[in-house]
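Structural overview
Single-letter residue listing:
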Amino acid sequence: MKETYAVLPGQTQTVSLDDWDPNDTLVNKKTAAKAMHSYLKRMVQLQELLYATGQYALLVVLQGMDTSGKDGTIKKVFPSVNPQGINIVSFKVPTAQELSHDFLWRIHRQTPAKGSITIFNRSQYEDVLVPVVHNLIDGETCESRYHQITQFEDMLVRNNTIILKFFLHISRDEQKKRLMKRLNKPDKHWKLSMADLRERKRWPDYIHAYEMALSACSSEAAPWFIIPANKRWYRNYVIAGIIVETLAALGLKYPEASEDFSNITIED
Ligand code: AMP
Ligand code: MG
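In this report, the structure presented in the accompanying data block is examined. As the structure is a prediction and not an experimental result, all values here were calculated from the model.

Structural notes on the site of ligand 1
All residues in the neighbourhood of ligand 1 are listed as F91, K92, V93, P94, R106, R122, E126, D127 and V130. The contact in question runs from a nitrogen atom of ligand 1 to an N or O atom on the side chain of R106, over 3.1 Å. Protein chains shield 74% of the accessible area of ligand 1, which is 500 Å² for the free molecule. Class assignment for the residues of the shell around ligand 1 results in 4 nonpolar, no polar and 5 charged.

Below, the structure is given as structure tokens:
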């Protein structure tokens with residue numbers, strides 16, 4: 001699954017999101033549901049191993065347009081892992097304090113400790129999306145940020161943080177459907193803002209900014225995956241599959257006991 005949806009590092013052409021079908025499905029819903037069941041069970045075991053061995057950290061980055069399913073992914077892909085080993089961080093419009101530092105400052109403080117998993121709901125990539133679309137930074141500054149992000153991620157990887165970055169790819173029509181649904185349901189209005197509706201008008205600019213960032217910042221160490229996300233069940237299945245595949249490939253083993261417990265009996 002990893003190869004199917006990974007952006008190849010160092011590719012000479014810029015990613016064109018038109019070439020990636022947001023409706024793509026390689027299995028049917030029933031097969032995905034069965035696989036999902038075993039992925040979720042496996043994820044619990046793998047997370048425990050990650051915690052017990054304390055050698056590696058896992059950072060999952062979720063990016064995508066409004067309504068692309070970042071919150072839904074968190075709910076559906078990580079429902080059963082031990083809450084002690086997982087941290088979820090949502091990045092909002094930077095505060096005055098955050099803006100008084102470099103753009104990676106607020107990010108670095110939230111990266112996972114060894115043994116744990118952190119999920120970024122939005123991330124360092126917001127700083128090469130929003131300011132680009134709104135012309136707040138020039139091309140040179142943006143290129144420099146791509147470079148800083150790549151270097152930063154490389155540093156994390158060299159310090160045993162595994163990084164998986166998922167772009168949740170939905171179509172413009174699908175976003176319209178989802179926004180309409182939110183509009184029509186008063187109990188979903190809290191999720192909606194006028195800003196979301198305004199930003200939708202800039203859809204092509206966001207797509208372009210994403211294409212540039214996905215092309216510039218996909219590396220062997222910290223790959224981007226473009227996840228077909230029009231169908232929620234398929235999105236969850238692919239992301240869970242990639243996480244399980246990545247953690248399993250570490251080949252972690254439970255640590256040896258620090259003492260010999262073989263002849264111990266528990267007294268009454
Ligand atoms: P939500 O994820 O729906 O809670 O919305 C968070 C909002 O914060 C989105 O509109 C993001 O684009 C915005 N945001 C997050 N990080 C940044 C950033 N670095 N610069 C500008 N806007 C940001
Ligand atoms: Mg929102």
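A word on the side chain of T118
Following the sequence through the fold, T118 ends up in strand β3 (residues 117-121). Classification of T118 by relative accessible area gives buried; the value is 1%. With near-sequence residues (within four places) excluded, T118 lies in contact with L58, L59, V60, N87, V89, Q110, T111 and P112.

Let's talk about the pairing of strand β5 (residues 224-228)
β5 sits mainly inside the fold: 5 of its 5 residues count as buried. By the alternation rule, side chains of β5 split into W224, I226 and P228 and F225 and I227, which are all buried. Taken together, the 5 bridges between strand β4 (residues 161-169) and β5 define a ladder with parallel strand orientation. Of the residues in β5, the one forming a bridge with F166 is F225.

Definitions and cut-offs
- Residues numbered from 1 in each chain as written.
- Chains lettered and ligands numbered in written order.
- Predicted model: local features only at pLDDT ≥ 70, side-chain atom pairs only at ≥ 80, totals over all residues.
- Heavy atoms only, no water.
- Near = heavy atom within 4 Å.
- Polar contact = N/O pair within 3.5 Å; in protein donor to acceptor, adjacent residues only side chain to side chain.
- Areas by Shrake-Rupley, 256 points an atom, 1.4 Å probe, with all protein chains shown as cover.
- Nonpolar A, V, L, I, M, F, W, Y, C, P; charged D, E, K, R; others polar.
- Helix = DSSP H or I, 4+ residues; strand = E, 2+ residues; numbered from the N terminus.
- Buried < 20%, exposed > 50% of the residue type's maximum accessible area, 1.4 Å probe, protein only.
- Contact = heavy atoms within 4.5 Å.
- Pairing = 2+ DSSP bridges.

That is the geometry; function is a separate question.
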